[in-house]
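What follows is the residue order along each chain.
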Amino acid sequence: MRLPWPAVAAGVAVAALGAAGLIRGAVPQSLASGSGAPSAGPIVVTNAYVRPPVPPNDTAAAYFTVYNTTSRPDRLLDVLTGAGATAVLHTTNSKGNMIAAPNGALIPAHGTLVLSTGKGHVMIGQLFGTLKPGQTVDLQLDFQRAGTVDVVANVIAVGAPAPGAAAPSGAHS
Ligand SMILES: [Cu+2]
């Protein structure tokens, strides 16, 4: 363990963050501006949020965007969450049906995987407690190449618009 840096080193830390910001500059602005804290490294996850269950449904759904900054494809293999006992990745197949993705989801080189309404989600079951807007949910994403990436997702209200999505013009609900 290193000793805590003296205060004078704070500038160095800021400079290092600035460099990471430059690297992240390769991410399209629309992705980089998500509400979730972007993670550094080969995989950048943005715009992570969770919708609570709509009764009588008892599963929550997690959504996020994964950006693969590398020149090799990667695969999201598994998701764990602190919000419930089960987390299953569901994606849309070529016929438009929502299916469990036992082999994970591909993220092309320099490409994105968008889990959003109609495209896919992580279905969280056997919830440990009630999810309320304003809370956060920890997600652990396991990638074939990049390994584990930790993400914090904001819980939003059931009817709230998806964060990061352009609101329909004139709609304020
Ligand atoms: Cu599902």
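As a reminder, the structure under discussion sits directly above these lines.
Let me sum up the structure you'll find in this document. (Residues numbered from 1 in each chain as written. Predicted model: local features only at pLDDT ≥ 70, side-chain atom pairs only at ≥ 80, totals over all residues. Heavy atoms only, no water.)

Some words on the environment of P73
With respect to the secondary-structure elements, P73 resides in the loop between strand 2 (60–68) and strand 3 (74–81). Separated by 71 residues in the primary sequence, P73 and Q144 place their C-alpha atoms 9.4 Å from one another. (Helix = DSSP H or I, 4+ residues; strand = E, 2+ residues; numbered from the N terminus.)

As for the layout of surface pockets
Its volume calculated, the second largest pocket comes out at about 160 Å³. Around the second largest pocket, the lining residues are R51, P52, P53, V54, N57, T59, A60, A61, Y63, H121, M123 and V158. Secondary-structure elements contributing two or more residues to the lining of the second largest pocket are strand 2 and strand 8 (120–127). Looking at the lining of the second largest pocket element by element, the count peaks at three residues for strand 2. For the lining of the second largest pocket, the per-class residue count stands at eight nonpolar, three polar and one charged. (1 Å grid on protein atoms, 1.4 Å probe; cavity = no way out; pocket = protein on both sides within 12 Å on 5 of 7 lines; lining within 4 Å. Points joined across faces, edges and corners; volume = space filled by probe spheres on them. Nonpolar A, V, L, I, M, F, W, Y, C, P; charged D, E, K, R; others polar.)

So, the pairing of strand 1 (residues 43–51)
Among the nine residues of strand 1, nine are classified as buried, and the element is accordingly described as predominantly covered. Where strand 1 and strand 2 come together, seven bridges link them in antiparallel fashion. Bridge pairing links V50 to A62 in strand 2. With two bridges connecting them, strand 1 and strand 10 (residues 147–155) associate as parallel partners. Across the sheet, residue V50 finds its bridge partner in strand 10, namely V155. (Buried < 20%, exposed > 50% of the residue type's maximum accessible area, 1.4 Å probe, protein only. Pairing = 2+ DSSP bridges.)

So, unusual backbone geometry
Residue P56 is bonded to the preceding P55 through a cis peptide linkage, with omega at 5°. Tracing the chain through its elements places P56 in the loop between strand 1 and strand 2. Positive phi values are uncommon outside glycine, yet Q126 reaches one of about 50°. In this structure, Q126 sits in strand 8.

Let's talk about the environment of V158
Its location among the elements puts V158 in the segment after strand 10. Expressed as a C-alpha distance, the spacing of V158 and P133, which sit 25 residues apart in the sequence, is 8.6 Å. Each residue touching V158, except ones within four places of it in the same chain, is listed here: R51, P52, P53 and V54. (Contact = heavy atoms within 4.5 Å.)

Quick word on the packing of aromatic side chains
What describes a pair of aromatic rings is the distance from one ring centre to the other and the angle between the planes of the rings. Summed over all chains, the structure comprises one aromatic pair. Relative to Y63, the ring of Y49 has its centre 5.1 Å away and its plane inclined at 20°; by these criteria the two rings are stacked. Residue Y49 is found in strand 1, and its partner Y63 is found in strand 2; the two are separated by 14 residues along the sequence. Of the two residues examined, Y49 and Y63, each falls in the buried class. (Phe/Tyr/Trp six-rings, centres within 6.5 Å; stacked < 30°, edge-to-face > 60°.)

Remarks on the pairing of strand 3
Direction of pairing for strand 3 relative to strand 6 (residues 105–107): antiparallel, over a ladder of three bridges. Residue pairing in the sheet places L76 in a bridge with A105 of strand 6. Pairing of strand 3 with strand 9 (residues 136–143), which is carried by five bridges, proceeds in the antiparallel orientation. Bridged to V79 within strand 9 is L141.

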